[in-house]
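So the chains spell out like this:
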Amino acid sequence: MSNPPLLEVEGLTVEFETYGGVVKAVRGVDFTVEAGEVMAIVGESGCGKSVTVQSLMGIIPMPPGRVTAGSARLNGAELLGLEPKAANAFRGKEIGMIFQDPMTSLNPTMTIGDQIAETLKVHRGIPGQQAFESAIKLLEMTHIPEARKRATQYPFEFSGGMLQRAMIAQSLACSPSLLIADEPTTALDVTIQAQILDLIKTLQAQDAMAVILITHDLAVVARTAQKVCVMYAGQIIEHGSVDDIFYQSAHPYTLGLKSAMPSNIGDREKSLNPIPGSPPDLFSPPLGCGYAPRCPHAMRVCHEENPPFFKDSNNTGHAARCWLQAPNAPSVPELYQSNKIASDGA
Amino acid sequence: MNTLRTLTEADFQPSPSEDNLEQISRPSLSYWQDAWIRLKKNTRALISLYLIVGLAFFTLIGPWIWTKDPAAQDLDQISQAPALPKTALLVKDFEPSATPIDTTHPPAPSGYPDALDAVTGLTVLGTPTTQSVRLSWSPVDQAGGYSVYRSESAPEGLMGLGLPLASLTAGNIVGFEDRLNLKSQTYYYSIIPTDGFDEFDVVSTLEVSPQQSITVSQALERQLIDSDDRPGQTVQLAFHPLGTDYLGRDMLARLMQGARVSLFIGVVAPLIYVLFGVFYGGFAGYLGGTTDQILMRFADFVVALPFLLFMILFKIAFGIGPGESGILPMLIALILLLWPATARLVRGQVLRIREQGYIEAARLLGGGPSYLIARHIIPNTMGVILVTLTFAVPSAIFTEAFLSFIGMGVAPPTPSWGSMCNEGVKTMLSHPHELFFPALFISITVLAFNLLGDGLTEALDSKMRSKE
Amino acid sequence: MFRYTLGRLLSGVITVWFIATATFLAMHAVPGDPLMNEKATTAEIRENLARKYGLDRPLPEQYVIYLSNMIQGDFGISFTQQNRRVNDIIKDHFPVSAALGILAITFAALGGILWGAITALYRNQLPDIIIMFLVILGISVPSFVFAALGQLLLVNLNQWFGTSILPVAGWGTFSHMLMPSLVLGLGTMALLTRLMRSSMLEVVNEDFIKTAKAKGLSPQRIFFKHQLRNAILPVVTVLGPQIAAITTGGFVVELVFAIPGLGRYFVQAVQQLDYTVIMGTTVFYGAFLVLMVILVDIIYGFIDPRVRLK
């Protein structure tokens, strides 16, 4: 075993108290992130990916929300359940975070330069003027032209893409070991999207920084990530390397996601393949597999009991929560079933 | 690893196809149903809703139940604090009696006395009532006259004797009948002997508490008795649960009538000017462009007019001057000055809605302007309109009360809560109830509408605000 | 910033013109001859006045005279007090009302922001509950009741202490201004507190607060630099119209506390149909309020960069 992972999350469970009842948003999530690695968390809206990372950062408002179980350790230090002061010590410093909509995620009444410098002032104790200079350098690092002038401007004077660069600059100010990017490109158009992703990749390689990238777009995953976790209805239902997920999908949901992607090659006449139905009600999560109602290959056991993770016998980094991965499950054409193949083989 | 259940052949059978892929887990609620549920959960809003219903009842049905005439003056019970029904002693009508004289005593001193004894035997004849108090005393030797005083608090020696009631100029006058403005409270009568000219430094005091009484003819007039009731019986006086004002008018009846005036203005004016504002603002928002700009400019100007000054000006211009009733002029003035706020709100809302995708979609499906307005724009502005209306009512009531208070509003004798406060302030220190009740009613009404408005805003709000 | 200010001033001038015109029209809709107040004038004076103000001329001409007089700053002479110029009346009594109003709005603004911030900080705890209860009282009870109660309080206070701690009525020193301006500002303070509270609670849900938290900033820093700064904006917006409300609400306070302010003279003038005083005061007040609103807008421009740079 080489170096211990940078981030270890085990059994994370998060609930929300609402006027309609208790919503179980995250139901037992485990994953690890190695230093310098880019991990993507994919899933549709409402699957719990944002709640997962936000609870790592401790920015979920705790009156309606609560972490009922689990632990998350950054370099061995526990992140959950910290006192505000201790939490502030690592937030912005060890872990940086950028959000989906740059237009609303920055204080409209402070200059960009001041907002970036703020991080340096608070975490590194750098005095005002010097911090501002560093802010300008950070803006340059993220390829914002006329950085000096830009630093004195306000968020509304920036375009979406530039604002996102500024946010990235802000989050990297203290050279964190982990960057969490919560759907950083969803609010931007495709060309800018590519630029931002490349920027993240460059900076990540430059500083050997780990990145957790949250997205619902498989194309983004393909472009940027090394490791992938697929989430559905509050649980991770498949995880593995990018190649594993794309070429050896071991869960029907992953298959569904892939085939739902519109393609610009191939037959124009083909109709789009959405996944019918919608995710389950998290007020009372189903007993069985959350995907069962929509899965074309669902079996009786799927409705009765939630499947555990089945590891790929050839590749322990790849696993899926699906009864079809059980040794004596029936074969399904496009699905990668290592245990099946293994038991079939001689 | 977790314990795997042993999987049998049966477990792997394909599951029966589920037709309800799109199963809806919660019953769908319409916008209004959802808002109503949220509103009901808000205790404060619910209480204020009940209060408003209660007020409506008070205003509309009240006068049918409590039928006392608000203009009638009950002269026996002026400025009375709220109390249980009072009784009064029925007495004979007043018959003037002769001044009681002790004939055994000379009317004037025989010389120039240096000192005189204090009056003795100072008592009250018969039952002292609010009709008359008959004092009687023994004559003082060498006295030439007596001075009678009355005070509402006990005098200290020769200080604080109070109101001089009479200077009797004969030493043999041995009685006095006080009929001056008597109330059923404690009085202190003091009597000082004089030599016919100057008072001497001796005083005798008697504490008297006259009983509330009413004469036969007064009682007959006010229909409190039948013709065969005799003096000596007790009579039920008119019941004033909330007391009376400085003219003896029943507070409860006046409050009810005032409610009609204040609430009429407070509800009708907002209804009209909000309606107008809706049309104006909706029109401007829907048309957009230069028309919108011009219309809003004009609205801004109206807003810039100093509100109270113009209220007064309008009131005079449309009304008949500060001496007359003034309900209609006030109504018109309020309407003319307050519509811009609603117009602006509605216009803003309409503009926002216009940008929404569903309007474009409806239009592309072939919806004409009237369809769009009726089916899409108006229902979505209803929330804003409702809230504006709810907040407009207390604002109008406040304004009316304020103007009536400074005499620029509804004028006497027509009561409105504001003018009642005006009258009440004058006797605030001695008879606080005259100010307290109208002020209380105004506050409760304003409070209720404000809380309801708050509740409505919350209930309708999360739909009004855009969700991320 | 300059262009923004200029634009505001220009629209202000137009607004004042509108106010003047509206006042003119309203006055001429009043039934009765403005000169019919016989106890104040003799026939000769009436003729002179009629000539000076062109009351015998057709309406449009009167309007022009009126406007030209006004531009020169001449509001004429009081009808009922022949030896006083309206300008002098305004000059003598307006500063009193202005001082009262400005002190009141200062109380209201500072108090409103302070209490609002406190309730947001201690949301749903005891300070919040107490303050919000007082706020509800403040917005429901009419201002004149507060004025009366305030005076009563002073009387009792003085009695209790045996001497005059604070004067019960009149004008002249700072202690005269204290209670009246407090009473005057109460209603607005309640309103601003409520507004500040809801604004703070709204801002706390905004995305940039999330970012601030993710940056690891201390709660104090987030509260002051991020939350407060943005939450104040709607409160400042509303300040302009509130100044109007306070200035006109000043009448009652002036009456109750026997303060020789312009409001009292206005009410008197209305009762006596003193034409020139009414018009002059109205237009003057209107212009003053427009100026106040412009000032508030300028201040707002300093706080919210979006407004001045866009």
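A brief look at the structure comes next.

1. Focus on the packing of helix α3 (residues 112-124) of chain A against helix α6 (residues 160-171) of chain A
All names here are of chain A. Between α3 and α6, whose axes approach to 8 Å, the crossing angle comes to 25 degrees. Between α3 and α6, the crossing angle belongs to the class labelled roughly parallel. For the pair α3 and α6, the sense of crossing is right-handed. Contacts from Ile112, Gln115, Ile116 and Thr119 of α3 reach α6 at Ala166, Ala169 and Gln170. Residues of the contact of α3 with α6, tallied by class, amount to 4 nonpolar, 3 polar and no charged.

2. Quick word on the interface of chain C and chain B
In this assembly, 30 residues from chain C lie in contact with 29 residues from chain B. If one sorts the elements of the side of chain C that touches chain B by residue count, helix α1 (residues 2-29) of chain C sits on top with 6 residues. Each residue belonging to the side of chain C that touches chain B can be placed in one class, and the counts come to 24 nonpolar, 6 polar and no charged.

3. Points about the environment of A:Ile214
All names here are of chain A. Tracing the backbone through its elements, the reader meets isoleucine 214 in strand β8 (residues 210-215). Between the C-alpha atom of isoleucine 214 and that of valine 53, which follows or precedes it by 161 residues, the distance is 8.8 Å. With residues near it in sequence (within four places) discarded, isoleucine 214 still touches Ile41, Lys49, Ser50, Val53, Ala181, Asp182 and Glu183.

4. So, helix α7 (residues 174-203) of chain C
In this model, α7(C) (30 residues) spans only 38 Å end to end at C-alpha, well below the 44 Å of a helix rising 1.5 Å per residue. Its axis deflected by about 40 degrees at C:Leu186, α7(C) carries its strongest bend there.

5. Describing unusual backbone geometry
Residue and element names in this part refer to chain A. Of note in the backbone geometry, glutamate 146 takes a positive phi value of approximately 50 degrees without being a glycine. Following the sequence through the fold, glutamate 146 ends up in the loop between α4 (128-141) and α5 (147-151). In this structure, serine 175 takes a positive phi of about 50 degrees despite not being glycine. Mapping serine 175 onto the fold places it in the loop between α6 and β7 (178-182).

6. A look at the pairing of β7(A)
Within a regular beta strand, the side chains point alternately toward one face of the sheet and then the other, so they alternate between its two faces. Residue and element names in this part refer to chain A. With 5 of its 5 residues buried, β7 lies for the most part within the structure. Judged by which residues are buried, β7 turns out to be covered on both faces: Leu178, Ile180 and Asp182 on one side and Leu179 and Ala181 on the other are all buried. For the crossover that starts at β7, traverses helix α7 (residues 190-207) and ends in the parallel β8, the hand is right-handed.

7. Considering the pairing of strand β6 (residues 95-98) of chain A
All names here are of chain A. Taking every second residue as pointing to the same face, both faces of β6 are buried, with Ile95 and Met97 on one and Gly96 and Ile98 on the other. Where β6 lies against β7, 4 bridges are found, and the strand directions are parallel. In the sheet register, methionine 97 faces β7, and the bridge partner there is isoleucine 180.

8. So, the sheet that holds strand β9 (residues 213-215) of chain B
All names here are of chain B. With respect to topology, 3 strands assemble into an open sheet ordered β9-β1-β10, the strand pairing being mixed. This sheet does not close on itself; its edge strands, each paired only once, are β9 and β10 (234-236). Recorded for the sheet is a direction-independent mean angle of 45 degrees between the axes of neighbouring strands. Relative to β10, strand β1 (residues 87-91) runs antiparallel, the two being bridged by 3 bridges.

9. Some words on the nonpolar core
Within the largest apolar cluster, 258 residues are counted, with the highest numbers of intra-cluster contacts made by A:Leu178, A:Ile212, A:Val230, B:Leu334 and B:Cys421. The contacts of B:Leu334, once residues within four sequence positions are left out, are B:Ala269, B:Tyr273, B:Ala396 and B:Thr399.

10. Structural notes on the environment of C:Ile136
Residues and elements named next belong to chain C. With respect to the helices and strands, the residue isoleucine 136 is situated in helix α5 (residues 126-140). Assessed through the 19 C-beta atoms surrounding it within 10 Å, isoleucine 136 is described here as partly exposed. Taking C-alpha positions, isoleucine 136 is 39 Å from threonine 21, a pair spaced 115 residues apart along the chain.

Definitions and cut-offs
- Residues numbered from 1 in each chain as written.
- Chains lettered and ligands numbered in written order.
- Predicted model: local features only at pLDDT ≥ 70, side-chain atom pairs only at ≥ 80, totals over all residues.
- Axes fitted to C-alpha atoms, helices over the stretch in contact; angles between N-to-C directions.
- Helix = DSSP H or I, 4+ residues; strand = E, 2+ residues; numbered from the N terminus.
- Parallel < 35°, antiparallel > 145°, perpendicular 65-115°, else oblique.
- Left-handed = near helix turned anticlockwise from the far one by under 90°.
- Contact = placed C-beta atoms within 7 Å.
- Nonpolar A, V, L, I, M, F, W, Y, C, P; charged D, E, K, R; others polar.
- Expected span 1.5 Å × (residues − 1).
- Bend = angle between axes of the 7 residues up to and from the residue.
- Buried ≥ 20, exposed ≤ 12 C-beta atoms within 10 Å, placed from the backbone.
- Right-handed = clockwise from strand over helix to strand, strands pointing away.
- Pairing = 2+ DSSP bridges.
- Core = buried A, V, L, I, M, F, W, Y, C linked by C-beta atoms within 7 Å.

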